[in-house]
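One-letter residues, chain by chain:
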Amino acid sequence: MKTTHTLAALSVAALTLAGTGFTASGQDNNWHFGATIPLWAPQIDGNVTVQGHQDNTHISFSDLKDHLDASFSLGLEARKEKFGLFTGFSYMRFSVGGTPVADELKVYIVNGGVSYQLVKTDGEHPFILEATAGLRYWGTRNKLTIRDSGGALLFQGTKDRDLYDPVVGLRGSQYLTRKLHLDFAGDVGGFALTDSQATMDWSAAGTVSYDFCKWFTLSGGYQALALDASKGSGANKNGIDLIFHGVLVAAKFKF
């Protein structure tokens, strides 16, 4: 049961690793492009429900790291004047156990959408606010393997799951100097377009960023993500209600 609960929590641990990015200070008639490499160190708090039985969950970042076998994340962005396009991809592979029971989980996260500049003030310390809208997909590939004491295979099964959610949000920047700025971003989504379960999720992040040069920005701050997903009721209810929060570092390259 502990393995099941741990993997249920890990299944959404990478949800916002891809596509982390904030507003840009300059818009003109040319296209501008950016690539972001985000690193997030979250811990997880909340609860997991399996067949109507609810257990509280607390997983530290060190516990997550101990079960992480592979990880990759990249965000991409293109913008022209007030209009922008963004997308991001994350892949993570976790494993729990060994012999006789081993559980492997692969997580795929894809974000994509558009942004539009709502506000930009004049002066040496501009404030920029953008609206975002898009679609968030995450898929899980879970494989359970059971072997006897001699290593012979007794059982091997897989279960795949896919979920699509529309997401809307705001993001912005307040410039303190020509190169130093405070950034924030938040979004809310849900409705599970391709799944009968009920979902609700939100995310929020705040960072301090410094533009070292025209093509490179380094950001550091904090990010939180909440997900509430459930299916069924009573003794047949299965779901998760979790909050992920931790330190965020992002390196952005602009072209």
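## Structural notes on the overall build of the protein
Moving on, step 1. Scanning the protein from N- to C-terminus turns up 2 helices and 11 strands.
Moving on, step 2. Element order for the protein, N to C, with α for helix and β for strand: α-β-β-α-β-β-β-β-β-β-β-β-β.
Moving on, step 3. Contacts in the protein between residues far apart in sequence, at least 24 positions, make up 63% of those at least 6 positions apart.
Moving on, step 4. Here the protein has roughly 12800 Å² of accessible surface; of this, 60% comes from carbon and sulfur atoms.

## Digging into the pattern of salt bridges
Moving on, step 1. Here the structure, examined in full by the defined rule, presents 8 salt bridges.
Moving on, step 2. Between Glu-130 and Arg-171 there is a salt bridge whose closest N-O contact spans 3.0 Å. With Glu-130 in strand β6 (residues 127-147) and Arg-171 in strand β7 (residues 153-175), this pair connects stretches of sequence that are 41 residues apart.
Moving on, step 3. You can call Arg-171 buried: its relative accessible area is 6%.

## Side note on the nonpolar core
Moving on, step 1. Counting 19 residues, the largest nonpolar core has Ile-44, Ile-240, Leu-242 and Phe-244 as its most contacted members.
Moving on, step 2. Secondary-structure elements contributing two or more residues to this core are β1 (32-50), β4 (83-97), β5 (101-120), β10 (216-231) and β11 (238-254).
Moving on, step 3. Here the element with the most residues in this core is β11; it accounts for 4 residues.

## Some details on a nonpolar patch on the surface
Moving on, step 1. On the surface, a nonpolar cluster with roughly 1000 Å² of combined accessible area is contributed by Trp-31, Phe-33, Phe-83, Leu-85, Val-114, Tyr-116, Leu-118, Val-119, Leu-170, Phe-184 and Phe-255.
Moving on, step 2. Among the elements of the structure, β4 and β5 are those that each provide at least two residues to the nonpolar patch.
Moving on, step 3. Ranked by residue count, the leading element in the nonpolar patch is β5, at 4 residues.
Moving on, step 4. Following the sequence through the fold, Phe-33 ends up in strand β1.

## A few points about the packing of aromatic side chains
Moving on, step 1. Enumeration over the complete set of coordinates arrives at 8 aromatic pairs.
Moving on, step 2. Taking 6.5 Å as the distance between ring centres and 15 degrees as the angle between the ring planes, the aromatic pair formed by Phe-127 and Phe-184 counts as stacked. Note that Phe-127 is positioned in strand β6 and Phe-184 in strand β8 (residues 180-190), a separation of 57 residues in sequence.
Moving on, step 3. One aromatic cluster in this structure is built from Tyr-210, Phe-212, Trp-215, Phe-216 and Phe-253.

## Details of the side chain of Ser-73
Moving on, step 1. Note on placement: Ser-73 falls in strand β3 (residues 68-80).
Moving on, step 2. Here the side chain of Ser-73 touches Ser-90 through a polar contact of 3.0 Å, side chain to side chain.

## Topic: the pairing of β10
Moving on, step 1. Summarising the sheet, β10 and β11 pair through 16 bridges and their orientation is antiparallel. The residue of β11 that forms the bridge with Thr-217 is Lys-252.
Moving on, step 2. Hairpin connection of β10 to β11: 6 residues between the antiparallel strands, including Gly-232 at a positive phi of 85 degrees.

## Focus: the environment of Thr-207
Moving on, step 1. Inspection of the secondary structure assignment puts Thr-207 in strand β9 (residues 198-213).
Moving on, step 2. Among the residues examined, Thr-207 registers a relative accessible area of 4% and is labelled buried.
Moving on, step 3. Remark: the alpha-carbon pair of Thr-207 and Asp-183, spanning 24 residues in sequence, is separated by 5.2 Å.
Moving on, step 4. Among the polar contacts listed, one links the side chain of Thr-207 to the side chain of Ser-209, at a separation of 3.4 Å.

## Examining unusual backbone geometry
Moving on, step 1. We note that Glu-81 has phi near 55 degrees; this positive angle belongs to a residue other than glycine.
Moving on, step 2. Assignment of secondary structure puts Glu-81 in the loop between β3 and β4.

## As for the confidence of the model for the protein
Regions with low pLDDT carry predicted coordinates that are not meant to be interpreted in detail.
Moving on, step 1. Per-residue pLDDT for the protein averages 79, and the proportion of residues at 70 or more is 81%.
Moving on, step 2. Per-element confidence in the protein is highest for β8, whose mean pLDDT is 91, and lowest for helix α1 (residues 2-10), whose mean pLDDT is 47.
Moving on, step 3. The low-confidence segment residues 1-22, where pLDDT is below 50, has 79 contacts with residues more than four positions distant or belonging to other chains.

Rules used throughout
Residues numbered from 1 in each chain as written. Predicted model: local features only at pLDDT ≥ 70, side-chain atom pairs only at ≥ 80, totals over all residues. Heavy atoms only, no water. Helix = DSSP H or I, 4+ residues; strand = E, 2+ residues; numbered from the N terminus. Contact = heavy atoms within 4.5 Å. Areas by Shrake-Rupley, 256 points an atom, 1.4 Å probe, with all protein chains shown as cover. Salt bridge = Lys/Arg side-chain N within 4 Å of Asp/Glu carboxyl O. Buried < 20%, exposed > 50% of the residue type's maximum accessible area, 1.4 Å probe, protein only. Core = buried A, V, L, I, M, F, W, Y, C linked by side-chain atoms within 4.5 Å. Patch = residues over 30% accessible without salt bridge, like charges linked within 9 Å, V, L, I, M, F, W, Y side chains within 5 Å. Phe/Tyr/Trp six-rings, centres within 6.5 Å; stacked < 30°, edge-to-face > 60°. Polar contact = N/O pair within 3.5 Å; in protein donor to acceptor, adjacent residues only side chain to side chain. Pairing = 2+ DSSP bridges. pLDDT = per-residue confidence, 0-100.

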